[in-house]
Amino acid sequence: MVRPSICRPPVWPGRPRARRRLRADPFVSAALGELGDLDVALVGIGEITPSSTLARSGNALTDEERAELEKRGAVGDVCLRFYDAEGRPVESELDSRVVGITREQLAAARRKIGVAGGSRKHKAIRSAVAGGLVDVLVTDQETAAALMA
């Protein structure tokens, strides 16, 4: 029987200590434990430069964090797990703050469905597909045509 699961948006507390506290909560711990046995992970594909809406919401990287990730070669993220143009992991201090699916848990999911579109995300989408971070892509017609060109 196929159990559909959704990769819930990760929590990104400001400090590693807050992450430890969240992970210690029995409900959070139980939910995170479930992420290691996913049939389906439905994920968004993000790029390093936030949209104006995301930037205004305060849920974006700081300029310093973004500069550091770019220096390391990051072009996008899936569940706040950053990767380079080849889809290889880009590790940083930010990893210690994420409360969500790990790279290993995402890789173990039997089906990884990425949802993203728009010209500003082409590089991030192409890289996520190239790196096997997603194996199914839901996107718009313009993006599909650009990726196939």
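Since this is a predicted model, take the numbers as computed values, not measurements.

Draft legend 1. Spatial organisation of the sheet that holds strand E4 (residues 111–115). Pairing in this open sheet of five strands is mixed, and the strands run E3-E2-E1-E4-E5 from one edge to the other. At either end of the open sheet lies a strand with only one pairing partner, and these are strand E3 (81–83) and strand E5 (136–138). With strand direction ignored, the average angle separating the axes of adjacent strands in the sheet is 30°. Pairing geometry for strand E1 (residues 40–47) and strand E2 (residues 76–78), over three bridges, is antiparallel. The residue bridging Gly 46 from the neighbouring strand is Asp 77, located in E2.

Draft legend 2. Spatial organisation of a nonpolar patch on the surface. Residues Leu 42, Val 115, Val 136 and Val 138 make up a contiguous nonpolar surface patch of about 270 Å² in total accessible area. Structurally, Val 115 can be placed in strand E4. What makes Val 115 partly exposed here is its relative accessible area of 38%.

Analysis parameters
Residues numbered from 1 in each chain as written. Predicted model: local features only at pLDDT ≥ 70, side-chain atom pairs only at ≥ 80, totals over all residues. Heavy atoms only, no water. Pairing = 2+ DSSP bridges. Helix = DSSP H or I, 4+ residues; strand = E, 2+ residues; numbered from the N terminus. Axes fitted to C-alpha atoms, helices over the stretch in contact; angles between N-to-C directions. Patch = residues over 30% accessible without salt bridge, like charges linked within 9 Å, V, L, I, M, F, W, Y side chains within 5 Å. Areas by Shrake-Rupley, 256 points an atom, 1.4 Å probe, with all protein chains shown as cover. Salt bridge = Lys/Arg side-chain N within 4 Å of Asp/Glu carboxyl O. Buried < 20%, exposed > 50% of the residue type's maximum accessible area, 1.4 Å probe, protein only.

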